Amino acid sequence: MSSTVQATSSTSSTFNVQLITDALADYAKTTGIDLSKNPFAAAVKRTNSAGAILELLQQREEAFKDYREGNRRLTSCLSPAVNVIQAFSGVLGGAVSLVGRTCHLVTLLT
């Protein structure tokens, strides 16, 4: 009975590895990005426990939160400027179209 459990576990593990390998190959083919060359993948390979992998993931989560919050501040600063530029572009666009029509009419009349 024990050998059956080990054989099943080994087959399941091999299937999982093959599934992940195939998924990574498909991802690389679709996106052109080889995730096995990512520094995070190398760090995961160096770990020897699930706890170490979880710690790596928590570090990445913190780094992403910092990145996202930094971009929020940038977006908040740029938002008023974008709104002003958009308002001016609408006004200038209308004025340019009027000038363009006037010049076109003058050209037609002469």
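Residues numbered from 1 in each chain as written. Predicted model: local features only at pLDDT ≥ 70, side-chain atom pairs only at ≥ 80, totals over all residues. Heavy atoms only, no water.

Asks: How should I be thinking about the overall build of the chain in this particular structure?
Replies: Scanning the chain for helices and strands turns up three helices and zero strands. Put simply, the chain runs from its N terminus to its C terminus through helices and strands in the order α-α-α. Taken across its 110 residues, the chain has 2% of its residues classed as buried. Accessible surface computed for the chain: about 9500 Å², of which carbon and sulfur atoms make up 65%. (Helix = DSSP H or I, 4+ residues; strand = E, 2+ residues; numbered from the N terminus. Buried < 20%, exposed > 50% of the residue type's maximum accessible area, 1.4 Å probe, protein only. Areas by Shrake-Rupley, 256 points an atom, 1.4 Å probe, with all protein chains shown as cover.)

Asks: Help me understand a nonpolar patch on the surface in this model?
Replies: Taken together, the side chains of Ile 20, Leu 24, Tyr 27, Ile 33 and Leu 35 define a hydrophobic patch exposed on the protein surface, amounting to about 420 Å² of accessible area. Its location among the elements puts Tyr 27 in helix H1 (residues 2-31). (Patch = residues over 30% accessible without salt bridge, like charges linked within 9 Å, V, L, I, M, F, W, Y side chains within 5 Å. Salt bridge = Lys/Arg side-chain N within 4 Å of Asp/Glu carboxyl O.)

Asks: What exactly am I supposed to notice about the confidence of the model for the chain here?
Replies: Caution is warranted with low-pLDDT regions, since their predicted coordinates should not be read in detail. The predicted model of the chain averages 77 in pLDDT, with 72% of residues at 70 or higher. Per-residue pLDDT stays below 50 along residues 1-5; that stretch engages in zero contacts with residues further than four places along the chain or on separate chains. (pLDDT = per-residue confidence, 0-100. Contact = heavy atoms within 4.5 Å.)

Asks: Which parts of the structure should I look at to understand the pattern of salt bridges?
Replies: Working definition: two side chains of opposite charge can pair if their charged atoms are close together. Taken as a whole and assessed by the stated rule, the structure comprises two salt bridges. Linking Asp 34 and Lys 37 is a salt bridge whose minimum nitrogen-to-oxygen distance equals 4.0 Å. Among the residues examined, Asp 34 registers a relative accessible area of 33% and is labelled partly exposed. Overall, the relative accessible area of 69% leaves Lys 37 in the exposed class. For the salt bridge of Glu 61 with Lys 65, the shortest nitrogen-to-oxygen distance reads 3.7 Å. Of the two residues, Glu 61 and Lys 65 both sit in helix H3 (residues 50-109), four residues apart, roughly one turn of that helix. Assessed through its relative accessible area of 41%, Glu 61 is described here as partly exposed. Classification of Lys 65 as partly exposed rests on a relative accessible area of 33%.

Asks: Please clarify how the layout of surface pockets should be interpreted in this entry.
Replies: The gaps left among the atoms become clear once a water-sized probe is rolled over them. Within this model, the largest pocket holds a volume of roughly 190 Å³. What lines the largest pocket is Ile 20, Thr 21, Leu 24, Leu 35, Ser 36, Phe 40, Ala 41, Val 44 and Lys 45. Going through the elements one at a time, H1 and helix H2 (39-46) are the ones with two or more residues in the lining of the largest pocket. Considering every element that reaches the lining of the largest pocket, the biggest residue donor is H2, with four residues. The residue inventory of the lining of the largest pocket, partitioned by class, reads six nonpolar, two polar and one charged. (1 Å grid on protein atoms, 1.4 Å probe; cavity = no way out; pocket = protein on both sides within 12 Å on 5 of 7 lines; lining within 4 Å. Points joined across faces, edges and corners; volume = space filled by probe spheres on them. Nonpolar A, V, L, I, M, F, W, Y, C, P; charged D, E, K, R; others polar.)

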